[in-house]
Amino acid sequence: MKRFGEYADEAARFASPYIKRTGEFFSDAGDSAREWYNEKKRAYERRHNPSLWDRLCDAVNGSMRLILAIIGLISAIAAGIVIARAVIKKLYCSNHKIVSYDSSAAEEQKAAEKDAVQFVAEDDAEDGEPEDEYVSEPDEASDEIKKEKGYIVL
């Protein structure tokens, strides 16, 4: 039996580094398993107790097609309105400006036009042209000028 104690001591000395490495291995494996478990637990808790930001992101990701469809519909309606306005303006609306009839303003305008026409007539008279040609029809000439400029005369 004396020899058995010596063999046991010798076997223990021989196996001690291996036992130490095995212990470290199992300790690292236990730490790794604990980290894996905690990671899975956090992921599970996040899924079942999501934060406000996570819920918002999930809602946006889930309804992305609906949001894109709504944006497309709104842009199509806006484009249709713009095109319809352009077509209506081009085909049915005139570019004329409507001038209302104000007797005092009309009289002042006629007087100013008459003065301008007489001034032009006087200049032409100096050149040898008769005056009566321009002075005789100031109303018709002003109406013609307004129509050429795009005004509707009432």
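All of these numbers come straight from a predicted model, not from anything done at the bench. (Residues numbered from 1 in each chain as written. Predicted model: local features only at pLDDT ≥ 70, side-chain atom pairs only at ≥ 80, totals over all residues. Heavy atoms only, no water.)

Turning next to the overall build of the chain. When you go through the chain residue by residue, the secondary structure sums to 6 helices and 2 strands. Across the chain, helices and strands are ordered from the amino to the carboxyl terminus as α-α-α-β-α-α-α-β. The contacts of the chain with a sequence gap of at least 6 include a subset with a gap of at least 24, amounting to 63%. If you sum the accessible surface of the chain, you get close to 13800 Å²; carbon and sulfur atoms cover 59% of it. (Helix = DSSP H or I, 4+ residues; strand = E, 2+ residues; numbered from the N terminus. Contact = heavy atoms within 4.5 Å. Areas by Shrake-Rupley, 256 points an atom, 1.4 Å probe, with all protein chains shown as cover.)

On to the pattern of salt bridges, then. Overall, the coordinates contain 1 salt bridge when judged by the stated rule. A salt bridge links D31 to R34; the shortest N-O distance between them is 2.9 Å. Taken together, the positions of D31 and R34, both in helix α1 (residues 2-48) and 3 residues apart, correspond to about one turn of that helix. Judged by relative accessible area, D31 falls into the partly exposed class, the value being 33%. (Salt bridge = Lys/Arg side-chain N within 4 Å of Asp/Glu carboxyl O. Buried < 20%, exposed > 50% of the residue type's maximum accessible area, 1.4 Å probe, protein only.)

A few words now on the packing of aromatic side chains. Enumeration over the complete set of coordinates arrives at 2 aromatic pairs. Relative to Y18, the ring of F14 lies with its centre 5.8 Å away and its plane at 55 degrees, an arrangement referred to as tilted. Here Y18 and F14 lie together in helix α1, a separation of 4 residues that amounts to about one turn. Judged by centre distance (5.4 Å) and plane angle (70 degrees), the ring pair of F25 and F26 falls under edge-to-face. (Phe/Tyr/Trp six-rings, centres within 6.5 Å; stacked < 30°, edge-to-face > 60°.)

Turning our eyes to something else, we now look at a positive patch on the surface. Where like charges cluster on the molecular surface, the positive patch consists of K40, R42, R46 and R47. Looking at the secondary structure, you find R47 in helix α1. (Patch = residues over 30% accessible without salt bridge, like charges linked within 9 Å, V, L, I, M, F, W, Y side chains within 5 Å. Lys, Arg positive; Asp, Glu negative; His and termini not counted. Charge placed at Lys NZ, Arg CZ, Asp CG, Glu CD.)

Here we come to the confidence of the model for the chain. When pLDDT is averaged along the chain, the result is 75; 65% of the residues meet or exceed 70. For the chain, helix α5 (residues 132-135) is the element with the lowest average pLDDT, namely 46, and helix α3 (residues 64-91) is the one with the highest, namely 90. Note that residues 131-137 has pLDDT below 50 and, in this model, 10 contacts with residues that lie over four places away or in other chains. (pLDDT = per-residue confidence, 0-100.)

With that settled, the discussion passes to a nonpolar patch on the surface. Nonpolar side chains collect at one region of the surface, where W53, L56, V60, M64, I67, L68 and I71 lie side by side and expose about 680 Å² of accessible area between them. For the nonpolar patch, the secondary structure elements donating two or more residues are α2 (52-62) and α3. Sorting elements by how many residues they give to the nonpolar patch places α3 first, with 4 residues. By secondary structure assignment, the location of V60 is in helix α2. Taking the relative accessible area as the measure of exposure, V60 reaches 33% and is therefore partly exposed.

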